[in-house]
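Coordinate inspection notes
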Amino acid sequence: MKSLKEYEKELKTCSKCGLCQSVCPIYKEEGIETVVSRGKFNLLLGLLKKDLKYSSNLDKMLSMCLNCKACDDFCPSSIKASEIISCAKSEYKKFCFPFKFDSFFKVRMLTLSLIFKLYRLSNISYLVPKVKKFIKCFGFLGEMFLLFDKISKINVKRKKFKTQKTKELSVIYFEGCFTKYLNPSVKNALLNRLEKNNVKIIQKNFECCGLSALYSGKKDLYNKLKEKNSKLLEENCDYIVCDCATCLSALKEYNKPFSSKVIDIFELIAKLEKINIEKPITYHLPCHLREEKEKISQLLKNKFKKYKEMKDFDVCCGFSGEFSIKFPKLSQKISNKKAQNIQNTNCETILTSCPGCVIGIQKGLINQNYEKNVLNMIEFLEISS
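As the structure is a computational prediction, the values presented were derived from the model and not from experiment. (Residues numbered from 1 in each chain as written. Predicted model: local features only at pLDDT ≥ 70, side-chain atom pairs only at ≥ 80, totals over all residues. Heavy atoms only, no water.)

**Remarks on the pairing of strand β6 (residues 349-352)**
What you see with β6 is no split at all: Thr 349 and Leu 351 on one side and Ile 350 and Thr 352 on the other are buried throughout. The pairing of β6 with strand β7 (residues 373-376) spans four bridges and is classified as parallel. Across the sheet, the residue bridging to Leu 351 is Leu 375, located in β7. With helix α19 (residues 355-367) bridging β6 and its parallel neighbour β7, the resulting β-α-β unit is right-handed. (Buried < 20%, exposed > 50% of the residue type's maximum accessible area, 1.4 Å probe, protein only. Helix = DSSP H or I, 4+ residues; strand = E, 2+ residues; numbered from the N terminus. Pairing = 2+ DSSP bridges. Right-handed = clockwise from strand over helix to strand, strands pointing away.)

**Overview of the nonpolar core**
Within the largest apolar cluster, 88 residues are counted, with the highest numbers of intra-cluster contacts made by Leu 194, Val 241, Tyr 283, Leu 300, Phe 304 and Leu 381. Sorting elements by how many residues they give to this core places α19 first, with six residues. Leu 194 has contacts with Val 171, Val 199, Ile 201, Val 241, Ile 265, Leu 268, Ile 269 and Leu 272, leaving out every residue within four places of it along the chain. In terms of nonpolar packing, the next biggest core, distinct from the first, is built from 19 residues, Tyr 7, Leu 45, Cys 65 and Ile 84 among them. (Core = buried A, V, L, I, M, F, W, Y, C linked by side-chain atoms within 4.5 Å. Contact = heavy atoms within 4.5 Å.)

**Re the packing of helix α15 (residues 265-272) against helix α16 (residues 293-303)**
It is at 11 Å that the axes of α15 and α16 come closest, and there the two elements cross at 45°. Overall, the two elements α15 and α16 adopt an arrangement that is oblique. Taken as a pair, α15 and α16 cross one another with a handedness that is left-handed. Contacts between α15 and α16 pair Phe 266, Glu 267 and Ala 270 from the former with Lys 295, Leu 299, Leu 300 and Lys 303 from the latter. (Axes fitted to C-alpha atoms, helices over the stretch in contact; angles between N-to-C directions. Parallel < 35°, antiparallel > 145°, perpendicular 65-115°, else oblique. Left-handed = near helix turned anticlockwise from the far one by under 90°.)

**Focus: the layout of surface pockets**
Taken as a whole, the second largest pocket holds about 690 Å³ of empty space. Lining the second largest pocket we find 29 residues, and of these Lys 69, Ser 82, Glu 83, Ser 249 and Glu 253 sit closest to its centre. Sorting the residues of the lining of the second largest pocket by element identifies α5 (70-74), α6 (81-96), α12 (211-215), α13 (219-232) and α14 (245-253) as the ones contributing at least two each. Its residues assigned to classes, the lining of the second largest pocket comprises ten nonpolar, seven polar and twelve charged. (1 Å grid on protein atoms, 1.4 Å probe; cavity = no way out; pocket = protein on both sides within 12 Å on 5 of 7 lines; lining within 4 Å. Points joined across faces, edges and corners; volume = space filled by probe spheres on them. Nonpolar A, V, L, I, M, F, W, Y, C, P; charged D, E, K, R; others polar.)

**Some words on the packing of aromatic side chains**
Enumeration over the complete set of coordinates arrives at eleven aromatic pairs. Ring geometry for Tyr 119 versus Phe 148: centroids 4.9 Å apart, planes at 80°, classification edge-to-face. Highlighted residues: Tyr 119 in helix α7 (residues 104-122) and Phe 148 in helix α9 (residues 139-152), separated in sequence by 29 residues. A relative accessible area of 8% means that Tyr 119 is categorised as buried. Sitting over the ring of Tyr 370, Lys 372 keeps its end group 5.1 Å from the ring centre. (Phe/Tyr/Trp six-rings, centres within 6.5 Å; stacked < 30°, edge-to-face > 60°. Lys NZ or Arg CZ within 6 Å of the ring centre and 35° of its normal.)

Put into structure tokens, the structure is as follows:
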């Protein structure tokens, strides 16, 4: 990644047309100029001219971004706004926080992992449906508990299949952090499905894909994770599959020789077997699968007879990791819009391809009292056949 100074030409290339306003989910809620790329570019130009200084307020404006890349796709000047904003965050971190906390993310995930395991052992989840009305009396805290309960449930258990000794395909499985630390359900479904199709699965001890570090301004940590994962991904294989759209996007953006082998698990399964499911479903496209939009949209229409496309199926769900923690009310507003679009389809099952999106969608549905099944695509395929 370049320095902010090296992006000066791109910042000045912005024609200030304002088209980014029409696609930014945050601007639609807040109506503030500084939340869109055009406004952020003005701030960054002021920083380069030394009319502005690094400050917590500047960091707040830079952090008000979902990294959905809608503005990247819609920009007539083809400016990569998300890349520039990530660079600015990185320089802010270096200026204001010179100390490194590279292990903090892993410690946080291990702590959460322990909490999830203890919660499952407690069997409290069986009581939740009976006292749901009481839990909701606690407002936001009650909704967060219901969300925690939803995402802690293991929908698919691991099975073992007798497969042929000679495998038709070999894939490297890149396990995402949510699956690795919080809930193995998606991993179980993915492994079950690939084994059914006689696929050789290569598993390794991967680190986080690094995108969360990059988007929060930790460029050095991102580079460190990228190089470590890249070495593990150099092994010969037919495909590299992920259980998370964010990871898939990250591996493609590594821009390494193996990046061309990275494939969405739904796309791979569609190549390996006939999918013919008649249950009514709708689908939310994760932001990190925007480049696969047309391909996935066509697969959904071909493979699901009762697929109903929701309004704005490719618009961000409002979660976006750290964003939902820093701006919970704003995140909830965007999730509520997604929930309303889901309600309008009258579908019992909502599918997506990202664990973060599952959280964002559930957040909106719980808040709108419209609790339905939200599943990762590979979970649904395993459960339904």
